[in-house]
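Structural characterization, general
This is what each chain is made of:
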Amino acid sequence: MIKILRPSSLALAASSLILSAHALAEPGDYGFWTTLGNLFNPPKANAPVTPEQAQGMYPLSLHDPDFDDGFDPGDYDNWQKVDVPISTGAMCGNGSPYKFFVYRVPDTSNTIFYFEGGGACWVYESCSGQAGIRGARNPNGIPDNYVQNINLLDFQNTANLATAAVSPLIYTHHPYNQFKTGEWNLVYVPYCTGDIYVGDKTEIYQDPTGQNPDLIWHHNGLRNVQAVVSWVKNNLQKPEQVLAAGCSAGSIGALLNYSKLRADMDATYGYLIDDSGPLFHAPLNSDDIASYPSVPLHKEVLRSWTTYTAGGDPRETNPINFLSSITPGFNSNELASLYKALSDKFPEDRLGITHFLADGNFSSYSYERFHEDIYSDPNGESRLNKLREKWQWDTHNNLIPLLDQTSNWGYYFPMFRDFNESHCTTILDLEYGEIAEHGLVLRDFLNNIVNYQGGAMIRAYETDKVSDFENNHSWFYDLVDGLL
């Protein structure tokens, strides 16, 4: 790929192009002269939303020429805020306007949709922001400068540090862990609805103390995603390669939205990286929470975020009926049936899932409030060990067997990293994600997934429960942890 840093003059632009002209090109990368032409005449959308795509359940939106979204097509290599018209149905949980961010490059059509992580909510405390890190991100909406001036080494600007550190998958100028998708067109999808990007329901949450007014909260994630995809189709060129990725809530958001996003973008090569947002097998008609520890969580979020009811009218507009209608093989009683359904729908795509087996964050959301033996345990270390036991049980018994039934799902489960509660393998950097017993590092897995040339899928998990806890410390992690 030809990489262009934003030049201050035509001479600098030309010299940058010449120096990078010998870079190994991939499908979707433009040649020297096309890239140079793009600097003067930015390419227009060549696969905009059609009238047919603007119909049906959760439709895309046609281009509105009268709405000023604030985007400059020729402002390359710079994060730009994109405003979304209210007519799309997009909004944040508190009712404020939704917006997202785009980093456009002139030398490729390849595009990554990165879904921001940040918790989930289904009660007053977690949706209002009172729950802190165990709540949902951005309860007050999205600031205009949310991802501006990203610099991982700018320790004075701690407000943006969490975004800057988010992932080498999108951090173009990462100081020591660059990944090729960081040089693609970047679409950063902010998270402000607390519903893992799949909600479509307005809830009223009451303050349990009675001191504050009711909170009217819009679990509006699914409509927000449709607005983002609509804009990309209406404003950028159709990508040759497209990646949907995220961490935590963002990763399960990428998973749940992949079926439609992938079909709408219609790229030649499609990839999915689900980092620490697994959808464990948990039949909704089962009460056996020993065998299926995630059943209570699945039931709770469906009730809070959607109007779906088992046995209801399949034509009713709700996210589960929608997913069923566009994804053959998806069983609404078993949400994890989505893995095989996606594999069957997109057999040539490369799909990957990764998380740490000692995750202490997503496991807390999954089990702590639903399993009395964990919730009532007064000992923090004991609670964490119980969370990890259930997480590993779910991984080995209610996830890996599902993935093994497919031909194009890869998985990569290292044990532990001493950062962010051992949650998310691809945030901040790609270090300490090795599985030594298999001679693998995390980058091996990422390169295996985002690979237009195909090849056998990597499927690996770590069994060593000692080594990672003995040699897994970084002063840089301590520094970032202290600032966040």
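For the structure, check the block above.
Residues numbered from 1 in each chain as written. Predicted model: local features only at pLDDT ≥ 70, side-chain atom pairs only at ≥ 80, totals over all residues. Heavy atoms only, no water.

Side note on the overall build of the protein chain
Scanning the protein chain from N- to C-terminus turns up 16 helices and 11 strands. Relative to a compact globule of 484 residues, whose C-alpha radius of gyration would be 23 Å, the protein chain shows 22 Å and is just as compact. Each principal axis of the C-alpha distribution contributes one length, and for the protein chain these read about 65 × 50 × 45 Å. Going through the 484 residues of the protein chain one by one, you find that 58% of them count as buried. Once local pairs closer than 6 in sequence are excluded, the contacts in the protein chain between residues at least 24 apart make up 73%. If you sum the accessible surface of the protein chain, you get close to 19,300 Å²; carbon and sulfur atoms cover 52% of it. Charge separation in the protein chain, taken as the distance between the mean sites of 30 positive and 58 negative side-chain charges, equals 4 Å. (Helix = DSSP H or I, 4+ residues; strand = E, 2+ residues; numbered from the N terminus. Rg over C-alpha atoms; globule rule 2.2 N^0.38 Å. Buried < 20%, exposed > 50% of the residue type's maximum accessible area, 1.4 Å probe, protein only. Contact = heavy atoms within 4.5 Å. Areas by Shrake-Rupley, 256 points an atom, 1.4 Å probe, with all protein chains shown as cover. Lys, Arg positive; Asp, Glu negative; His and termini not counted. Charge placed at Lys NZ, Arg CZ, Asp CG, Glu CD.)

Structural notes on the state of the cysteines
Applying the stated criterion across every chain, the model contains 3 disulfides. Each sulfur of the disulfide joining Cys-92 and Cys-192 lies 2.2 Å from the other. Between Cys-92 and Cys-192, the S-S dihedral sits near -85°, and the bridge is therefore left-handed. With Cys-92 in the loop between strand 1 (79-83) and strand 2 (99-103) and Cys-192 in the loop between strand 4 (185-189) and strand 5 (201-205), this residue pair connects regions lying 100 residues apart in the sequence. A relative accessible area of 0% means that Cys-92 is categorised as buried. The class for Cys-192 is buried, based on a relative accessible area of 1%. Once the bonded cysteines of the protein chain are numbered in order along the sequence, the disulfide links fall as 1-4, 2-3, 5-6. (Disulfide = S-S within 2.5 Å.)

A look at helix 6 (residues 249-265)
The sharpest bend along helix 6 measures roughly 60° and falls at Tyr-258. Of all 17 residues in helix 6, 16 are buried, a share of seventy percent or more. Once helix 6 ends, the next one or two residues include Asp-266, with phi positive near 55°. (Bend = angle between axes of the 7 residues up to and from the residue.)

Re the sheet that holds strand 2
Here 9 strands make up an open sheet; going across it, the order is 1-2-4-3-7-8-9-10-11 and the pairing mixed. Of all the strands in the sheet, just strand 1 and strand 11 (459-461) have a single pairing partner and so form its edges. Recorded for the sheet is a direction-independent mean angle of 20° between the axes of neighbouring strands. As defined by bridge partners, strand 7 (residues 241-247) adjoins strand 8 (residues 269-275) across 7 bridges and the pair is classed as parallel. Across the sheet, the residue bridging to Ala-245 is Ile-273, located in strand 8. Helix-sheet contacts for helix 5 (residues 221-235) involve strand 1, strand 2, strand 3 (111-115) and strand 4, and the interaxial angle to strand 3 is about 160°. Against the sheet, helix 14 (residues 442-449) touches strand 8, strand 9 (350-354) and strand 10 (409-413), its axis set at about 155° to strand 9. (Pairing = 2+ DSSP bridges. Axes fitted to C-alpha atoms, helices over the stretch in contact; angles between N-to-C directions.)

Notes on the nonpolar core
Of all hydrophobic cores here, the largest spans 124 residues; its most connected members are Phe-113, Tyr-114 and Tyr-339. Of all the elements, helix 6 adds the most residues to this core, at 8 residues. Sequence-distant contacts of Phe-113, that is, excluding residues within four places in its chain, are made with Val-187, Val-228, Val-229, Val-232, Val-242, Leu-243, Ala-244, Ala-245, Leu-261 and Met-265. (Core = buried A, V, L, I, M, F, W, Y, C linked by side-chain atoms within 4.5 Å.)

A closer look at unusual backbone geometry
The backbone of Asp-77 sits at a positive phi, close to 55°, despite the residue not being glycine. Structurally, Asp-77 can be placed in the loop between helix 2 (32-40) and strand 1. Even without glycine at this site, Ser-422 takes up a positive phi of about 55°. Relative to the elements of secondary structure, Ser-422 occurs in the loop between strand 10 and helix 14. Judged by its relative accessible area of 2%, Ser-422 is buried.

Points about the side chain of Thr-108
Counting through the fold element by element, Thr-108 comes out in the loop between strand 2 and strand 3. At 2.9 Å, the side chain of Thr-108 forms a polar contact with the side chain of Asp-29. (Polar contact = N/O pair within 3.5 Å; in protein donor to acceptor, adjacent residues only side chain to side chain.)

Geometry only, nothing functional implied.
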